[in-house]
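Fold and contact review
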Amino acid sequence: MSSTAAIRVEHFTKIYKGSGTPAVDDISFTIPSGSIFGLLGPNGAGKTTTISALCGLLKPSKGELQLLGYPLATQSEEIKKNIGVVPQDIALYPTLTAFENLRYIGNMYGLKGSSLDKNILEHLEHFGLLEHSKKQVGTFSGGMKRRINLIAGILHHPKILFLDEPTVGVDVQSRNVITEHLHLLNKSGMTIVYTSHLMEEAENLCNEIAVIDHGKIIISGQPKELIKEQACSNLEELFLKLTGKKLRD
Amino acid sequence: MLRLTSTIRKELLILLRDRGGLAILFLMPMAMITLMALIQDAPFRDYQELKIPLLLSNRDTSTLGKTIEEGLRSAKIFEITKTGQPESSIKQSVKGGDYEIGIVIPENATTILNSKVNAFVNAKLSAAGLSDSLKAAPAAPGELSLLIFFAPDTKKSFKISILSTLKQFTSKLETQTLLDYFSKELNREGTLSGKENKIDELVSFKEMNTVETPQEMLQLNSVQHNVPAWTIFGMFFIVISMAGSIIKERDDGSYTRILSMPGSYITVMAGKITAYLFICMIQCLLMLMVGIYLLPLLGLPALVIGHSVSAIILVAVCCGLAATGYGILVGTLFKTHQQSSTFGAVSVVILAALGGIWVPVYVMPESIRILSGLSPLYWALSAFHKIFLGGGSFMAVLPYALKLLAFFGFTVGAAWLFNKTKNK
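Note that the structure is predicted; figures quoted are calculated from it, not measured.

Secondary structure summary: chain A contains 9 helices and 10 strands in total. Against the compact-globule benchmark of 18 Å for 249 residues, chain A has a radius of gyration of 18 Å, which places it among compact chains. Each principal axis of the C-alpha distribution contributes one length, and for chain A these read about 50 × 40 × 40 Å. In chain A, buried positions account for 52% of the 249 residues. Partitioning the intrachain contacts of chain A with sequence separation of at least 6 by distance along the chain shows that 67% fall at a separation of at least 24. Charged side chains of chain A number 26 positive and 26 negative; the gap between the two group centres comes to 4 Å.

All names here are of chain B. A grouping of Leu38, Leu294, Leu297 and Leu298 is seen on the molecular surface, where their side chains present a nonpolar patch of about 370 Å² in accessible area. Looking at the secondary structure, you find Leu38 in helix H2 (residues 19-48). Judged by relative accessible area, Leu38 falls into the partly exposed class, the value being 40%.

It is worth spelling out the interface of chain A and chain B at this point. Each partner contributes to the interface: chain A provides 34 residues, whereas chain B provides 27 residues. Across the chain A to chain B interface the summed buried area is about 2600 Å²; carbon plus sulfur atoms make up 58%. Three residues stand out in chain A for area buried against chain B, namely A:Leu57, A:Tyr93 and A:Met108, and they jointly supply 25% of the buried area on that side. In this structure, the connection of chain A to chain B is made through 1 salt bridge. Between B:Arg17 and A:Glu100 there is a salt bridge, and its shortest N-O distance comes to 2.6 Å. At the junction of chain A with chain B, the criterion picks out 12 residue pairs in polar contact (both at pLDDT 80 or more).

Residues and elements named next belong to chain B. Among the structural elements, Asp180 can be located in helix H6 (residues 156-188). Here Asp180 falls in the partly exposed class, since its relative accessible area comes to 35%. Expressed as a C-alpha distance, the spacing of Asp180 and Asn118, which sit 62 residues apart in the sequence, is 9.7 Å.

A separate point is helix H15 (residues 394-422) of chain B. Residues and elements named next belong to chain B. Taking 1.5 Å per residue as the helical rise, H15 with its 29 residues ought to reach 42 Å, and the 40 Å between its terminal C-alpha atoms agrees with that figure. At Tyr400, H15 shows its maximal bend, which comes to roughly 30 degrees. Where H15 is concerned, the buried positions are Val397, Ala401, Leu404, Phe407, Phe408, Thr411, Ala415 and Asn419. Buried residues belonging to H15 abut helix H7 (222-236), helix H9 (254-259), helix H10 (265-294), helix H11 (309-333) and helix H14 (376-388).

Right, let's get into the domain arrangement of chain A. All names here are of chain A. When cut into domains, chain A gives domain 1 (1-48 + 57-82 + 159-249) and domain 2 (88-157). If you look at the interface, domain 1 gives 17 residues, while domain 2 gives 13 residues. With both chains or domains summed, domain 1 and domain 2 bury close to 1200 Å², and 67% of this area falls on carbon and sulfur atoms. Where domain 1 packs against domain 2, one counts 0 salt bridges. For the pair domain 1 and domain 2, the number of links is 3 residue pairs in polar contact (both at pLDDT 80 or more). Those elements that place two or more of their residues in the side of domain 1 that touches domain 2 are helix H2 (76-81), strand E7 (160-164) and helix H6 (172-187).

Mapped onto the elements of the fold, A:Thr13 is located in strand E1 (residues 5-14). A distance of 2.9 Å separates a polar side-chain atom of A:Thr13 from the backbone nitrogen of A:Asp26.

It is worth spelling out the environment of B:Gly306 at this point. Within the secondary structure layout, B:Gly306 lies in the loop between H10 and H11. Distance from B:Gly306 to B:Phe237, taken between C-alpha atoms, is 26 Å for residues 69 residues apart in sequence.

What follows is about the confidence of the model for chain B. Here chain B shows a mean pLDDT of 83. Residues at 70 or above account for 88%. Across chain B, H11(B) holds the top mean pLDDT of 94, while H6(B) sits lowest at 79.

Residues and elements named next belong to chain A. Two elements in contact, helix H3 (residues 98-108) and helix H5 (residues 142-154), have axes whose closest approach is 9 Å; the angle formed by their N-to-C orientations is 25 degrees. With respect to each other, H3 and H5 are oriented roughly parallel. Seen from above, H3 lies across H5 with right-handed handedness. Facing H3, whose interface residues are Ala98, Leu102 and Ile105, H5 presents Ile148, Ile151 and Ala152.

All names here are of chain B. Taken together, 4 strands build an open sheet; the order of strands is E2-E1-E3-E4 and the sheet is mixed. Bordering the open sheet on either side are strand E2 (78-82) and strand E4 (147-150), each of which pairs with just one other strand. With strand direction ignored, the average angle separating the axes of adjacent strands in the sheet is 20 degrees. Pairing geometry for strand E1 (residues 52-58) and E2, over 5 bridges, is parallel. Among the inter-strand pairings, Leu55 is bridged to a residue of E2, identified as Thr81. Helix H4 (residues 87-95) contacts E1, strand E3 (101-105) and E4 of the sheet and is inclined by roughly 25 degrees relative to E4.

Reading guide: rules and limits
Just so you know, the residues in each chain are numbered from 1, in the order the chain's sequence is written. Whichever chain is written first becomes A and whichever ligand is written first becomes 1, with later ones labelled in order. Residues qualify for local features only when their pLDDT is at least 70, as the model is predicted, and side-chain atom pairs are given and counted only at 80 or more; totals for whole chains, interfaces and linings, by contrast, use all residues. Heavy atoms from the whole structure form the basis of all side-chain values; hydrogens and water molecules are not counted. Secondary structure counts use DSSP, requiring at least four H or I residues in a row for a helix and at least two E residues in a row for a strand, with both numbered from the N terminus. To get the radius of gyration, use the C-alpha atoms; to get the globule rule, take the number of residues to the power 0.38 and multiply by 2.2 Å. Burial classification: accessible surface area is computed with a 1.4 Å probe over protein chains only, and a residue below 20% of its type maximum counts as buried, one above 50% as exposed, and the rest as partly exposed. Residues count as neighbours in contact if any of their non-hydrogen atoms are within 4.5 Å of one another. Charge counting treats Lys and Arg as positive and Asp and Glu as negative, with His and both chain ends excluded. To locate a charge, the coordinates of NZ of Lys, CZ of Arg, CG of Asp or CD of Glu are taken. Patch definition: residues with relative accessible area over 30% and no salt bridge; like charges joined within 9 Å; nonpolar side chains (Val, Leu, Ile, Met, Phe, Trp, Tyr) joined within 5 Å. To be clear on the numbers: accessible area is Shrake-Rupley with a 1.4 Å probe, and residue cover counts the displayed protein chains and nothing else. Any carboxyl oxygen of Asp or Glu within 4 Å of a side-chain nitrogen of Lys or Arg constitutes a salt bridge here. Buried area, as used here, totals the accessible surface that two parts lose on assembly, with accessibility defined by a 1.4 Å probe and the loss added over both. Polar contact is defined as a pair of N or O atoms within 3.5 Å, subject to the rule that within protein one atom must be able to donate a hydrogen and the other to accept it, and that residues adjacent in sequence are counted only when both atoms are side-chain atoms. By this rule, a helix spans an expected 1.5 Å times one less than how many residues it contains. In this analysis the local bend is the angle between axes fitted, respectively, to the seven residues ending at and the seven residues starting at the residue. Here the limits of each domain have been adopted from an automatic or database domain assignment. Per-residue confidence from the predictor is given as pLDDT, running between 0 and 100. Lines fitted to C-alpha atoms define the axes, with helix axes restricted to the stretch in contact, and inter-axis angles between N-to-C directions lie between 0 and 180 degrees. Orientation categories follow fixed angle ranges, with anything under 35 degrees roughly parallel, anything over 145 roughly antiparallel, 65 to 115 roughly perpendicular, and all other angles oblique. Handedness of each helix crossing follows the sense of rotation of the near helix against the far helix: counterclockwise by less than a right angle gives left-handed, clockwise gives right-handed. Two strands are said to pair when DSSP picks up at least two bridges between them.

Structure representation (structure tokens):
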């Protein structure tokens, strides 16, 4: 494995129990360290299955997954210490305050004491949530919850951050704060793996993309080059050209 | 350890901020204990001091009528009302539920008995060749039958018991009459002296105490039954809360987030179990305090908890673990909170009914009693009864505690297996 590869996927296949068709069918790709990688595709294409397998939540039916040089099959604990996950759902406890939620998640990563408290407060301040730290998350707006959800994924300074549609349903201001912070995190050396249906956001954010459909990667590379190669004007046009206009439900 | 303690703290914070959930977990069982203890106080007393209403028409003025009547009164289990009503009225009164039993002792019953005995004795002596000169007294016409009416819903076992009690009264009199006649006839032959022939009881029954301490003398009353019963029910109602918490974490992505973190999920589950077990222990303590301090203020007897605190703690902890284990299983098997709460509530009510929470198991039909033995609530209640009524020790309740622990192991194991299979 290359020393610059944060993630290497080789012949990954996932067939769910009771399903004859593979959700992901023999895909291979490499995500370079320090990149912002966009895994794009329509609904049911295999994005969430791929991300779930990379996070150690699903066992591959076939293939090998390596993160930071560790094989996932045998060294998942080491990998889990170094990855952060921001799920699409607001995975927070609504009756706990923002601070209590983050302290619980920090503790789960082994962080504790005043250094954790300081870390939480710094992140809350950065995301404009300091004055809401003692309020219950259930009282927050969608954008505020999304920002807390993101902090929960980066509190332990992971080397790889997985984001599953991190800006879905938020206002422009919150989205701006989130994407700006993702750029900052990336500049600090963090590899970011990102899925989204917002093609404009993906085009601006990602320096590498792969488009997955029907469980197979149909194209991968740098977004600007791919747009140029396929003679499209933007990523959305490229996406529709590759995946078609037929509705996916 | 940090993962465990932070999970416990998180779960407790969530539970404490859920006011509706707290009301279900604490106020509902407290209200149930108070209400059920008050409602069932009278039936429990009735059961312990049961008097069977009996309508007696004694038309015989001689020995047989008097003996049966005295026997019924001395039994102290009947509330006797004497009547001179005809048989048809007695039948109607019993059928209508005014009385459990109706007895008619026919007119001249003693005379008929004496005639029958006289004829029997003479026949036997003649057959034995003791005297040819003896003349048989004329037998009274017809049979001597005491009429007994039972209420339509009277159980067979109860009928047998009453009939054997009555038979006991008449048998002694029959024997005494027979002996008197034999003596009289033999005296006439000069075979026996003229001494009185009173029958002594050749076999007597002596009731022996099976209890050794005043604690063991306690009888099951409304408080002694309802306080432990509804405490266990309340503890098991934590199933709804716990299953809901598991489903919510699964639905909102927290479960996924936790699985993506380093460390074993078992630690997280252990934290959850510990937090809910802590709530169960507080529930148990509060409910017992209601029994000891609140119920006497309402005119009910105070709960007597025995002398083995360690046994109470053992049963409470094992019962709490059984309840939380069941909560984990329900939360794992069902997909939505609605499904889990409906199934959780209904299944706990069924297990409670089988386990003798509503009414004691000993008044249930035999077939249901067999099923009762499968309910963890029955094991817990039996263990509490053993401590509270029988003065049971730690060792005495250990078999029940082990059954509850086995149930906990089974439920958690089944949930783990289900999750493992599902996530393949």
